[in-house]
Amino acid sequence: MDRIVKTLTWKKDELEILDQTLLPLEEKYITIKTIEEVWEAIRGLNIRGAPAIGIASAFGLVLAAKTYKGKNKDKFFSIIDDNISYMKTARPTAYNLFYGLARLKKVADDNYSKNIPEIQNIMEKETVKMFDEDIKNCINIGEYGNTLIKDNMRILSHCNAGALATTGFGTALSVFYSAKDHGKKFEVFVDETRPVLQGARLTTWELKKAGILHTLICDSTAAFLMQKEKIDMVIVGADRICSNGDTANKIGTYNLAVISAYHKIPLYIAAPLSTFDFSLKSGDQIPIEERPKEEVLEIGCIRITPQDIEAYNPAFDVTPAKLIKGFITEKGIFSPKKISGIKYEF
Ligand code: MRU
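Residues numbered from 1 in each chain as written. Predicted model: local features only at pLDDT ≥ 70, side-chain atom pairs only at ≥ 80, totals over all residues. Heavy atoms only, no water.

Colleague: Go over the site of the ligand, please, and point to the residues and values.
Modeller: The environment of the ligand is made up of 16 residues, and the closest members are Arg 48, Arg 91, Asp 239, Asn 249 and Lys 250. In this structure, an oxygen atom belonging to the ligand sits 2.6 Å away from a side-chain N or O atom of Asn 249. Within the contact set of the ligand, an oxygen atom lies 2.8 Å away from a side-chain nitrogen or oxygen of Lys 250. Considered on its own, the ligand offers 420 Å² of accessible surface; in the complex 99% of this is hidden by protein. Elements that contribute at least two residues to the shell around the ligand include exactly helix 2 (50-66) and strand 9 (247-250). In terms of residue class, the shell around the ligand is built from seven nonpolar, five polar and four charged. Shared between two domains, the shell around the ligand takes at least three residues from each, and those domains are domain 1 (8-139) and domain 2 (142-341). (Near = heavy atom within 4 Å. Polar contact = N/O pair within 3.5 Å; in protein donor to acceptor, adjacent residues only side chain to side chain. Areas by Shrake-Rupley, 256 points an atom, 1.4 Å probe, with all protein chains shown as cover. Helix = DSSP H or I, 4+ residues; strand = E, 2+ residues; numbered from the N terminus. Nonpolar A, V, L, I, M, F, W, Y, C, P; charged D, E, K, R; others polar. Domains from an automatic or database assignment.)

Colleague: I'd like a description of the pattern of salt bridges, backed by residues and values.
Modeller: Per the counting criterion, the structure on display carries 16 salt bridges. Taking the shortest distance from any N to any O, the salt bridge between Arg 91 and Glu 289 comes out at 2.8 Å. Note that Arg 91 is positioned in the loop between helix 3 (73-87) and helix 4 (95-110) and Glu 289 in the loop between strand 11 (276-277) and helix 10 (294-297), a separation of 198 residues in sequence. Glu 289 shares its class with Arg 91; the two are buried. A salt bridge links Glu 310 to Lys 293; the shortest N-O distance between them is 3.4 Å. Placement of Glu 310 in the loop between strand 13 (302-303) and strand 14 (316-319) and of Lys 293 in the loop between strand 11 and helix 10 is noted, with a sequence separation of 17 residues between them. The exposure class assigned to Lys 293 is partly exposed, which follows from its relative accessible area of 29%. One network of salt bridges, in which partners are shared, links Lys 12, Asp 13, Lys 66 and Glu 124. (Salt bridge = Lys/Arg side-chain N within 4 Å of Asp/Glu carboxyl O. Buried < 20%, exposed > 50% of the residue type's maximum accessible area, 1.4 Å probe, protein only.)

Colleague: Provide a residue-level description of the domain arrangement of the protein chain, including the pertinent values.
Modeller: Many analyses report the size of an interface as the accessible area lost when the parts associate. The domain architecture assigned to the protein chain consists of domain 1 (8-139) and domain 2 (142-341). One C-alpha centre belongs to domain 1, the other to domain 2, and the line joining them spans 25 Å. If you look at the interface, domain 1 gives 29 residues, while domain 2 gives 37 residues. Buried area between domain 1 and domain 2, summed over both chains or domains, comes out near 2700 Å², and the portion from carbon and sulfur atoms is 55%. When the area that domain 1 buries against domain 2 is broken down by residue, the three leading residues are Arg 48, Thr 93 and Tyr 95, summing to 24%. Between domain 1 and domain 2 we count one salt bridge in total. Applying the counting rule to domain 1 against domain 2 returns 20 residue pairs in polar contact (both at pLDDT 80 or more). Sorting the residues of the side of domain 1 that touches domain 2 by element identifies helix 2, helix 4 and helix 5 (116-146) as the ones contributing at least two each. In terms of residue count, helix 5 provides more of the side of domain 1 that touches domain 2 than any other element does, six residues in total. Broken down by class, the residue content of the side of domain 1 that touches domain 2 amounts to 18 nonpolar, six polar and five charged. (Contact = heavy atoms within 4.5 Å. Buried area = accessible area lost by both parts, 1.4 Å probe.)

Colleague: Talk me through helix 1 (residues 35-43); I want residue IDs and the actual numbers.
Modeller: Among all positions of helix 1, only Ile 35, Val 38, Trp 39, Ala 41 and Ile 42 are buried. The arc enclosing the buried residues of helix 1, seen along the axis, measures out at 165 degrees, which places them on a common side. Among the structural elements, strand 2 (15-18), strand 3 (29-32), helix 2 and helix 3 are those in contact with the buried residues of helix 1. Of the residues trailing helix 1, Leu 45 is marked for its positive phi of about 70 degrees. (Arc of directions from axis to C-beta.)

Colleague: Give a description of the packing of helix 2 against helix 4 that names residues and reports values.
Modeller: For the pair helix 2 and helix 4, the least separation of the axes is 7 Å and the interaxial angle reads 35 degrees. Judged by the sense of rotation from one axis to the other, the crossing of helix 2 with helix 4 is right-handed. Where helix 2 approaches helix 4, its residues Ala 50, Pro 51, Ile 53, Gly 54, Ser 57, Ala 58, Leu 61 and Val 62 are matched on the opposing element by Asn 96, Leu 97, Gly 100, Leu 101 and Leu 104. Broken down by class, the residue content of the contact of helix 2 with helix 4 amounts to nine nonpolar, four polar and no charged. (Axes fitted to C-alpha atoms, helices over the stretch in contact; angles between N-to-C directions. Left-handed = near helix turned anticlockwise from the far one by under 90°.)

The structure is reproduced here in structure tokens:
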């Protein structure tokens with residue numbers, strides 16, 4: 001299966017990205033050559049979505065590690081550590097960013113005895129491996145998720161948990177791509193996802209490309225549709241999942257979870273295991289990113305509010321595990337109670 005879109009492409013000493021801030025109006029690729037540019041692209045949402053952020057940040061670290069041409073190993077390892085600390089400040093919530101960097105740090109440490117060009121090479125190979133794993137994980141998430149989809153279902157999704165958010169087919173959207181491949185007939189309702197409109201701009205763009213029946217709704221329309229019995233299931237992605245199943249995802253996911261529970265509609269989280277932060281016991285420990293108020297005060301850089309007013313813009317919220325029916329992962333579908341039994345290490 002061909003990738004729907006080349007969100008990230010590693011070209012040996014540079015990373016090519018599709019600039020997601022311009023979609024759907026313009027499909028423009030940018031070449032990135034330094035860790036600072038990767039940082040800016042992540043912070044600026046040119047690259048976004050938890051798995052894509054994780055892999056891009058690892059490539060950023062590879063770019064930084066490769067700038068060192070000397071032979072002093074202490075110096076080289078301190079460059080790695082400094083750049084990991086720097087990269088971690090790009091965005092705080094998506095666990096994949098921390099996972100990707102930790103994985104590269106581990107391979108570097110495990111190969112300390114090798115010479116520096118070899119370690120640089122190993123770090124690059126590990127990142128390419130993560131890239132390929134993400135493609136496979138997306139396919140497996142799609143296949144497991146497909147088992148939940150019945151003909152004529154109407155499924156609601158929020159934000160963009162698609163190919164644009166991963167190196168493969170996405171997480172929540174991979175379920176739809178897989179169901180379509182299996183010949184199922186269904187409809188997707190897409191929340192526009194204020195304030196940055198990932199649903200309106202990105203998910204519709206992807207689903208249209210893939211020929212999947214979909215309808216865009218305002219975020220505030222979801223409860224009305226549920227009340228009219230027009231939604232059978234909700235599937236969304238995740239930025240960080242704690243060991244008790246509490247899940248951070250795009251702001252508005254918690255609203256959906258509350259109204260889904262009220263209407264007895266199952267809500268599933270589709271995510272790879274690299275989004276699970278088993279070190280956190282519960283959702284109140286997840287750092288929630290607060291983004292510039294201009295994202296709320298403006299739409300597409302056009303001011304829609306009076307001057308000199310305040311706005312509050314948390315980018316994510318936390319859905320308690322008790323409102324989640326299950327987690328669709330590359331290893332199968334787990335209820336929140338079964339998460340602690342998942343074995344995952346790198
Ligand atoms: O701010 P964003 O666009 O990076 O937020 C993305 C989301 O919340 C996604 O649902 C999540 O990262 C999962 S992507 C497979």
